[in-house]
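# A look at the structure
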Amino acid sequence: MRKFVNTLWVLSFAALLLAVSAWAGTTGKIAGVVTDKTNGQPIPGAAISIVGTTWGALTDEEGRFVILNVPVGTYTLKATIVGFAPMEVTNVGVNVDLTTIQDFALSSEAVELGTVSVTAERPLVKQDRTSSLRIVGAEDVQNLPTRGYQDVVGLQAGAIRFSDNVGVRQRGGRENSTTGTLNVRGGRSSEVAYYVDGFSQQDPLTGLSTTQINNNSIQEVSIVTGGFNAEYGLIMSGAVNVITRAGTDKFHGTFETVTDNFHGENYDFNVYSGVLSGPITPGSDKLTFYVAGERRWAGDREPHATAGGMLPNNESGLWNWQGKLNWRPSGNVSALVGTNGSVEKWQEYRHDYLFNIQHTPKYDDRNYSVFGELTHTVNSKTFHTLKANWFSTERIRGDGVHFDDLWAYGRPSGNPNFDQTQLYTAWDDMNLDPDSLEHGSEENKYFPLVTPHEDSVFEVLMPDGSTREQSFVVRGDEATVWDDLLKRKSSYVGADWDLVSQVHPNHEVKAGLEFQRHALRRYQHLFPVNVYQGANGGFDDIDHFGYNELGEESDEGGLNSVKNPINMAAYLQDKFEWEGLVVNAGLRFDYFDYKTERLVDPEQPLDPFDRATYADTATGLSDEERNALRQGAQELSEDELTSSESVSRLSPRLGVAFPVADGSVFHFSYGKFFQRPDLQNLYVNYDYLEYKIRTGGYFFAFGNPNLEPEETTAYEAGWQRRVSDNASIDITAFYKDVKNLTEVVTQPAIPNSFSTYRNVDYGTVKGVEFSLDVRRSRNISAQFNYALAYADGTGSFANTQSNIAWTVAEPPKHATPLEFDQRHKITGVLDIRTGPGEGPKLGDFYPLERAGVNFVLGAGSGFPYSPVFVYNEVTLGAISPRPSGPINSRRQPWQYRVDMKANREITIAGKMNLDLYVWVINLFDRDNVVDVYESTGLPNETGWLETPDGQQFIVDNSMIHDTSRLTGEEKYQVRQADPRNYDTPRQIRFGARWTF
């Protein structure tokens, strides 16, 4: 034993020399004791097997057995030994990273009766759970009125779906996402890690995950909200692990379609999904396949209650796919290769572009993942796994008309901005019938604003010194273009080795080595309308690395080349299990090397060695030497930079669970968790930095390679108790101390200050979560969750203090409620379901057999906002309002919503199963407020028109020459009636799912 443990430590130390990646478990284990039913004595030598597989084990002298590395799923377990009746237990569930306890009591008196069969029930209390863990199986995923694993996660206690309405008030300038943001236990959205089949699906640049998974491919969704074991790295708040299905020895297929186009008030939501799986060789499970694909289209990807129908230019088109090839020979080696990915093209409705709808920003999000896994079983108690994968995620965001055509943005006559009322980004007031605005009639919903224009040919000096002829728009008869072109691409290759061994009946030891190498690229042209100026100014305002000035991928060396950071890690963990006591103790080592350059002296970045002063005071220098020194004082060269420093962190983890009474378990966990900052806040384009330091001007925050890892220390204590044969409760209290969070600050510098990032934000999060779980009985199952949380900090996002940094004001010194601090959250799930031959009977027909209905109630208190004095809140000019109270001291209204899904299954020709369902979102059509104007606390009124300035604005803009056009007051009223301040209206969708 001592030799084995020493070997593990040597291997762990070697990992630090060889090469963090983000990996997650995909399997669980089954353990138990086999006894004689008549006297309770252990039975050694009994054979335990998982029916239909090659997995199994023999019991030891004390009748104990353990089967490791069992994929997530539901199985039949069989125990056999001469002299006793064989026994089968069906419906034995295996969950990721957990131990399923299944004991056998064999009878010698029933040998002549043959195999004894029993059905296992889902345990109400998980004995070995040492942290907050929620598991949603494939059946529940299908029954819930949700689509996508993100919606499933959002229902759980501690998880908050935050509506990030960037168009209403500034929230830090973050990128938008079709899936919204998910915050867990008061953490920032980038503190949640996402895995599919154990492999990370997260963009290291932004912390976003845009991967989409077919609902029919989901085997299990595991949500960990605290107390992560040592095998989990790069995580501080939550881990979402999606396990997808695999092929079996039988062919299976699924086709599903969903639409809301059966009725008049629809949002053009459509899904087409297909799955096929089975053996490569019929009848054998040694080599199996699984493939799935989905097409999703939404005419309005995010409907809002007061929009009066579909929002224009808010559509989304998605393709996603999954595939696996599993090899399971009869020997001690198994392997799999797989892929998943998604491509989504979508457009973002912006209310300030209502009269210029064609130019709202367009997005192209792509995710690709290829992975492989090789498992070698050394013996029945030891196996090790080698994993490798490649993951890539990329985004392009640009103008809705010109998108990624850089030269199409050029405007020698300037970018038409606002009309005279400063309310709309349009070149004309537009011919609108005011009476039709409320209903959003088709003829007044959008307008062909791009009119025929004349082009002029310019000779452009390119950044590389060459010239080219390029035509540009020279007339001012086109509306405002989205003057911000963004491209980013992140990829990584990773490798992971894990060893799992049941070294003792009471000890399961895990050890692992991890490595990742990234390739990061980013390009943001802040003013692409200036490209007609070429190298004379058209390419000054670009933050880029891994792309050249034209937005083309470039692997050329230099300070602005592609970034290749590496992460390495090693961990050691012991799971001790003895008579109900479970201890998960682990230690993790993380190593980060950002592989870039940093400023020698941020306060004097262009002249850290004071060359200018030396040139003026030194003797013996020629005029040429003095001029060269003075010029060098205004330029950033390699001697002003030095290599970034690598960082490492050690993270202890401890989780304990022990029974305190029959059917009652107490658990406690403690851990330190480190996470690197979003890497887009770490890397900087030094040409652009030099330009901004020399010229000053508008606000822009530069990455800082000196950032340290962010840190969370978390404590959790919980109690699970079975309160009846079919119900259990779970109460958990938690506390988190968070520090070294990234925030934008002003860096004093000569000749001009600049904005960058520092590890200055901190926060505390505390709360209590209560859950009631009622297992299905008499066709009914139910769940109820309530969470009370207090999330306070000095900044909700890395760019929360953007205005403060811009105006060089004093940043907050004390913690206040964070913007995603939802004090109360309630979720209730009620599922009513009948089996074959159940329900009312009409003759020989049961019309409601194999039917069900699932209701989800969601309620939550309002998010906080900072009250301000009334001002013109709907224009872009007023960005520094005067506060009328403390930061985030007031709350939006509560939100309530009920969703429903009802279905009926039908068997066709004895082989095919048809599941018909209706899915209703916001059943009672409640207008839930998700954002308000900070001056009034109302979602549709700023109060500014009632002020003296507002009254004067009405007078100044009341005279119009064409009565069919809007006055300034009418424009303002339309502008402040932003539908994005409200949640979804009622949506009714119909679906059909065929399986065989």
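Quick summary incoming for the structure in this document.

Definitions and limits used
- Residues numbered from 1 in each chain as written.
- Predicted model: local features only at pLDDT ≥ 70, side-chain atom pairs only at ≥ 80, totals over all residues.
- Heavy atoms only, no water.
- Phe/Tyr/Trp six-rings, centres within 6.5 Å; stacked < 30°, edge-to-face > 60°.
- Helix = DSSP H or I, 4+ residues; strand = E, 2+ residues; numbered from the N terminus.
- Buried < 20%, exposed > 50% of the residue type's maximum accessible area, 1.4 Å probe, protein only.
- Lys NZ or Arg CZ within 6 Å of the ring centre and 35° of its normal.
- Contact = heavy atoms within 4.5 Å.
- Polar contact = N/O pair within 3.5 Å; in protein donor to acceptor, adjacent residues only side chain to side chain.
- Pairing = 2+ DSSP bridges.
- Patch = residues over 30% accessible without salt bridge, like charges linked within 9 Å, V, L, I, M, F, W, Y side chains within 5 Å.
- Areas by Shrake-Rupley, 256 points an atom, 1.4 Å probe, with all protein chains shown as cover.
- Salt bridge = Lys/Arg side-chain N within 4 Å of Asp/Glu carboxyl O.
- Arc of directions from axis to C-beta.
- Axes fitted to C-alpha atoms, helices over the stretch in contact; angles between N-to-C directions.

Moving on, we get to the packing of aromatic side chains. The description of an aromatic ring pair rests on the distance of the ring centres and on the angle between the ring planes. Summed over the entire model, instances satisfying the criterion amount to 37 aromatic pairs. A centroid spacing of 5.4 Å and a plane angle of 80° characterise the contact between Phe527 and Tyr698, whose relative ring orientation is edge-to-face. On the criterion of sequence distance, the pair formed by Phe527 in the loop between strand 27 (507-525) and strand 28 (542-545) and Tyr698 in the loop between helix 6 (686-695) and strand 35 (701-702) is long-range, its members being 171 residues apart. Overall, Tyr698 belongs to the partly exposed group, its relative accessible area being 29%. Here the basic side chain of Arg185 rests over the ring of Phe734, its NZ or CZ set 4.2 Å away from the ring centre. Taking the ring centre of Tyr698 as reference, the NZ or CZ of Lys692 above it sits at 3.5 Å.

Of note, Glu708 is situated in the loop between strand 35 and strand 36 (710-722). According to the relative accessible area criterion, Glu708 is partly exposed, its value standing at 30%. Separated by 34 residues in the primary sequence, Glu708 and Thr742 have C-alpha atoms spaced 8.8 Å apart. With sequence-adjacent residues up to four places away left out, Glu708 is seen in contact with Val647, Arg649, Pro677 and Asn759.

Within the secondary structure, Thr225 sits in the loop between strand 15 (218-224) and strand 16 (238-244). A distance of 3.3 Å separates the side chain of Thr225 from the side chain of Arg134, its partner in a polar contact. Excluding anything up to four places from it in sequence, Thr225 contacts Ser132, Arg134, Ala157, Val184, Arg185 and Ser237.

For strand 26 (residues 485-504), the tally of buried residues reaches 14 of 20 residues, placing the bulk of the element in the interior. Taken together, the 16 bridges between strand 23 (residues 382-398) and strand 26 define a ladder with antiparallel strand orientation. Within the sheet, the bridge partner assigned to Glu394 lies in strand 26 and is Lys489. As defined by bridge partners, strand 26 adjoins strand 27 across 18 bridges and the pair is classed as antiparallel. By the bridge assignment, Val493 is partnered in strand 27 with Arg517. Linkage of strand 26 to strand 27, two consecutive antiparallel strands, is achieved through a turn of 2 residues.

A word on a nonpolar patch on the surface. Residues Phe251, Leu276, Val291, Ile906, Ile908, Met912, Leu916 and Phe996 make up a contiguous nonpolar surface patch of roughly 650 Å² in combined accessible area. Elements with a contribution of two residues or more to the nonpolar patch: strand 45 (895-908) and strand 46 (912-921). By the secondary structure assignment, Ile908 is in strand 45. Using a relative accessible area of 37% as the deciding quantity, one classes Ile908 as partly exposed.

It is worth spelling out the environment of Ile542 at this point. Residue placement: Ile542 occurs in strand 28. Since its relative accessible area comes to 2%, Ile542 is described here as buried. As for Ile542 and Asp687, which are separated by 145 residues in sequence, their C-alpha atoms are 8.9 Å apart. Residues within four places of Ile542 in sequence aside, it is in contact with Tyr523, Gln524, His525, Glu549, Asn685 and Tyr688.

Restricting attention to buried positions, one finds in helix 8 (residues 948-956) the residues Gly950, Phe953 and Ile954. Summarising the axial view, the buried residues of helix 8 lie within an arc of 100°, below the 170-degree limit, and thus occupy one face. For helix 8, the exposed residues set more than 90 degrees away from the buried face come down to Pro948, Asp949, Val955 and Asp956. Buried positions along helix 8 lie against helix 9 (968-976).

Spatial ordering of the open sheet is given by 3-2-5-6-9, a layout of 5 strands whose pairing is mixed. Where the open sheet ends on each side, the last strands, each with one partner, are strand 3 (56-58) and strand 9 (116-119). Adjacent strand axes in the sheet meet at a mean angle of 20° when their direction is disregarded. Across 4 bridges, the pairing between strand 2 (residues 47-50) and strand 5 (residues 73-80) is antiparallel. Bridged to Ile50 within strand 5 is Leu77.

Next up on the list: the sheet that holds strand 15. Overall, mixed pairing links the 5 strands, which are arranged 10-15-16-13-14 in an open sheet. Of all strands in the sheet, those bounded by a partner on one side alone are strand 10 (133-137) and strand 14 (199-200). For strand 10 and strand 15, the ladder comprises 5 bridges, and the chain directions are antiparallel. Directly across from Gly137, in strand 15, lies its bridge partner Glu220.

Here the bond from Ile750 into Pro751 is cis, since omega is 10°, no more than 30 degrees from zero. Topologically, Pro751 is positioned in the loop between strand 37 (727-747) and strand 38 (754-777). Even without glycine at this site, Asn91 takes up a positive phi of about 65°. For Asn91, the position within the fold is in strand 6 (residues 87-94). Despite not being glycine, Asn779 shows a phi value in the positive range, around 75°. In this structure, Asn779 sits in the loop between strand 38 and strand 39 (780-793).

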